Amino acid sequence: MNPFSYHRPTETKDALSQIQKANAKFIGGGTNLIDLMKEYVEKPSELIDVNALNLRGVKTHADGSIDIGALVSNADCAYHADIQTHAPLLSAAILAGASPQLRNMATCGGNLLQRTRCYYFYDKATKCNKREPGSGCDAIEGFNRIHAVLGQSSSCIAVHPSDMCVALAALNAEIHVRSPRGERVISILEFHRLPESTPEQDTNLHPDELITMIRLPANPYATHFNYLKVRDRSSYAFALVSAAVAFDLEDGGTIKSARLAMGGVAHKPWRDLEAERMLTGKRPSKDLFATVAKHVFAKARGYKHNQFKVQLGERVLVRSMTEAIEKGVKR
Ligand SMILES: Cc1cc2nc3c(=O)[nH]c(=O)nc-3n(C[C@H](O)[C@H](O)[C@H](O)COP(=O)(O)OP(=O)(O)OC[C@H]3O[C@@H](n4cnc5c(N)ncnc54)[C@H](O)[C@@H]3O)c2cc1C
Ligand code: SF4
């Protein structure tokens, strides 16, 4: 690990001033950043610990929207009564990830910015455009079992690893950020990037912007929802493919609106708005779900070791939609 200075500001304005120093980085729970520093993938010279800032708490507004402070731990978010009642999809996705110990440490702000688990990104002996722009991508011709099948580029085929962010994408979350230039709100759908020719940029957040909170708009998806994650081990493993699904149904069972987001398949949580439109106004059925899943993966392209993800993705999506409908019926 490279030497670094450590700061623990108690005021946001001090954190925003300290982050201006060359090569400074914020640290939340440290569960990803410290690992990357140990591997010399991240080499900040200044660490700005945000844990003493006033960014905690989950607050539900009268209009049903919920604010989640950037420092709320993944565990506190997942087990919060209002999240479990009004956004159970988010709770389910968080609890599908990592381990209890990690979820206690990990913050919601840090989770948004966790970096890919591509093996080559962590291995400095290999070529990786995300770690070292312009060096190449050893994953494309290498062992690419965990890599992307949608939205990838000739520069990078890595996937975004977060479970939480897949549910946030389905729920249209807003990311609130602050910098010396003021505050802005970034839609979760615009927050993470596809790799294109600049895979070193995971997100559209500027390096000096502090995530202050995540806002969940009010939603009608607390009954018919499902987060299905398929992975190599049944716990403590990242998704090979996951699907966050939610439906709002008419009394007669017709789909009033639908949300679909997939994890493990692309460089960002993969939301397909056209697929959601295909579901709207229809009655749920096996054939409809199969048609929609085919549509979502119609442009998918696999590599030597991950071709299986295309069919797996379709099946996970169909099963997640089926379980979302059934879950509501059982209650
Ligand atoms: C063994 C292991 C298994 C895991 N399994 C899963 C899994 O199955 N599913 C899953 O989703 N995740 C998994 N994770 C990842 C885990 O969820 C993330 O490491 C965690 O969410 C990151 O949060 P953190 O607060 O520790 O971030 P940190 O490591 O502190 O920071 C991560 C990044 O966020 C930045 N940052 C932190 N807070 C802010 C802020 N407020 N504003 C701006 N920038 C900020 C940091 O500068 C850094 O770049 C796993 C991790 C490990 C180590
Ligand atoms: S897929 Fe992306 S992260 Fe992995 S080696 Fe290639 S450029 Fe690096």
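Reading guide: rules and limits
Starting afresh in each chain, residues are numbered from 1 along the sequence in its written order. Just so you know, chain letters begin at A and ligand numbers begin at 1, following the order they were written in. Owing to the predicted nature of the model, reporting of local features is limited to residues with pLDDT of at least 70; listing and counting of side-chain atom pairs is limited to 80 or more, with chain, interface and lining totals taken over all residues. Here, strands pair whenever DSSP counts at least two bridges between them. We count a stretch as a helix when DSSP gives it H or I for four or more residues in a row; a strand needs E for two or more, and each element gets its number in order from the N terminus. Placing C-beta atoms from the backbone, we regard two residues as in contact once those atoms come within 7 Å. Lines fitted to the C-alpha atoms define the axes, with helices restricted to the stretch that makes contact. Angles between their N-to-C directions range from 0 to 180 degrees. In this usage, the nonpolar core is the set of buried Ala, Val, Leu, Ile, Met, Phe, Trp, Tyr and Cys residues whose C-beta atoms join them within 7 Å. Exposure classification rests on a simple neighbour count of other C-beta atoms within 10 Å of a residue's own: a residue reaching 20 or more is buried, one at 12 or fewer is exposed, and one in between is partly exposed. C-beta atoms are placed from the backbone. Either an automatic procedure or a domain database provided the assignment from which the domain bounds are taken. Near, as applied to residues and a molecule or strand, means the residue's backbone-placed C-beta atom lies within 6 Å of it. In the scheme used here, Gly and all other residues not listed as nonpolar or charged are polar, with Ala, Val, Leu, Ile, Met, Phe, Trp, Tyr, Cys and Pro taken as nonpolar and Asp, Glu, Lys and Arg as charged.

Chemist: Which residues make up the sheet that holds strand β9 (residues 224–230), and what values go with them?
Modeler: Strands in a sheet are paired, the pairing made by backbone hydrogen bonds, and the direction either parallel or antiparallel. Strand order across the open sheet formed by four strands is β9-β10-β11-β12, with antiparallel pairing between neighbours. Of all the strands in the sheet, just β9 and β12 (270–271) have a single pairing partner and so form its edges. In the sheet, strand β10 (residues 241–249) pairs with strand β11 (residues 255–263) via eight bridges, with the strands oriented antiparallel. Paired with Ser-242 across the strands is Gly-263, a residue of β11. Each of β9 and β10 touches helix α5 (residues 88–95); the most contacted strand, β9, lies at about 15° to it.

Chemist: So, the nonpolar core: which residues are in play, and what are the values?
Modeler: Of all hydrophobic cores here, the largest spans 95 residues; its most connected members are Leu-89, Leu-90, Ala-93, Ala-167, Leu-168, Ala-170 and Ala-244. Split by domain, the residues of this core number at least three in each of domain 1 (5–51) and domain 2 (226–330). Filtering out sequence-adjacent residues up to four positions away, Ala-170 remains in contact with Leu-89, Ala-244, Ala-246, Arg-259, Leu-260, Ala-261 and Arg-271.

Chemist: Explain the domain arrangement of the protein to me, and be specific about the residues and the numbers.
Modeler: Domain annotation for the protein reports domain 1 (5–51) and domain 2 (226–330). Here domain 1 and domain 2 have C-alpha centroids that lie 36 Å from each other.

Chemist: Can you tell me about unusual backbone geometry, naming the residues and giving the values?
Modeler: The phi dihedral of Tyr-40 is positive, around 65°, even though this residue is not glycine. Here Tyr-40 shows up in the loop between α2 (33–38) and β3 (46–49). Judged by the 12 C-beta atoms lying within 10 Å of it, Tyr-40 falls in the exposed class. Backbone geometry at Tyr-236 places phi at a positive 60°, although glycine is not the residue there. Residue position: Tyr-236 is located in the loop between β9 and β10. For Tyr-236, a count of 11 C-beta atoms within 10 Å translates into the label exposed.

Chemist: I'd love a proper account of the site of ligand 2, names of residues and values included.
Modeler: Neighbouring ligand 2 are 14 residues; Cys-118, Tyr-120, Cys-128, Cys-137 and Cys-156 lie closest to it. Here the residues of the shell around ligand 2 sort into ten nonpolar, two polar and two charged.

Chemist: Give me the lowdown on the sheet that holds strand β2 (residues 24–27), citing residues and values where you can.
Modeler: Ordered by their spatial adjacency, three strands build an open sheet running β1-β3-β2, and the pairing between neighbours is parallel. Two strands close off the open sheet at either side, each with one partner strand: β1 (5–7) and β2. Direction aside, the axes of adjacent strands within the sheet are offset by 25° on average. Taken together, the three bridges between β1 and β3 define a ladder with parallel strand orientation. Bridge pairing in β3 links Tyr-6 to Leu-47.

Chemist: Give me the lowdown on the environment of Cys-108, citing residues and values where you can.
Modeler: Tracing the backbone through its elements, the reader meets Cys-108 in helix α7 (residues 108–112). By the C-beta count within 10 Å, which is 29 here, Cys-108 ends up buried. A C-alpha to C-alpha distance of 8.4 Å links Cys-108 and Met-213, two positions 105 residues apart in sequence. Apart from residues no more than four positions distant in its own chain, Cys-108 is found in contact with Ile-68, Ala-70, Val-72, Asn-74, Cys-77 and Ile-214.

Chemist: Break down the site of ligand 1 for me, with residues and values.
Modeler: The immediate surroundings of ligand 1 are formed by 31 residues, with Gly-28, Gly-29, Gly-97, Gly-109 and Gly-110 found nearest. If you list the elements that add at least two residues to the shell around ligand 1, you get β2, α2, α6 (100–105), α7 and β8 (210–216). Each residue belonging to the shell around ligand 1 can be placed in one class, and the counts come to 15 nonpolar, 13 polar and three charged.

Chemist: Break down α5 for me, with residues and values.
Modeler: Of all the eight residues making up α5, six are buried; the element is thus mostly covered by neighbouring parts of the structure. Burial in α5 covers these residues: Pro-88, Leu-89, Leu-90, Ser-91, Ala-93 and Ile-94. Contact partners of the buried residues in α5: α3 (74–79), α4 (81–86), α6, α9 (164–170), β9 and β10.

Chemist: Describe the environment of Gly-28, and please don't skip the residues or the numbers.
Modeler: As for its placement among the helices and strands, Gly-28 is situated in the loop between β2 and α2. Overall, Gly-28 belongs to the buried group, with 25 C-beta atoms counted inside 10 Å. Sequence separation between Gly-28 and Lys-43 is 15 residues; the distance between their C-alpha atoms is 16 Å. In this structure, Gly-28 is in contact with Val-50, Leu-71, Thr-107, Gly-109 and Gly-110, ignoring residues within four places of it in sequence.

Chemist: Hey, could you go over the pairing of β10 for me, with residue numbers and the actual values?
Modeler: Burial of β10 is extensive: eight of the nine residues sit out of reach of the surface. Pairing between β9 and β10: seven bridges, direction antiparallel. When the sheet's bridge partners are listed, Phe-225 is paired in β10 with Ala-246. Hairpin remark: β10 followed by β11, antiparallel, with five residues in the connecting loop; positive phi at Gly-253, about 105°.

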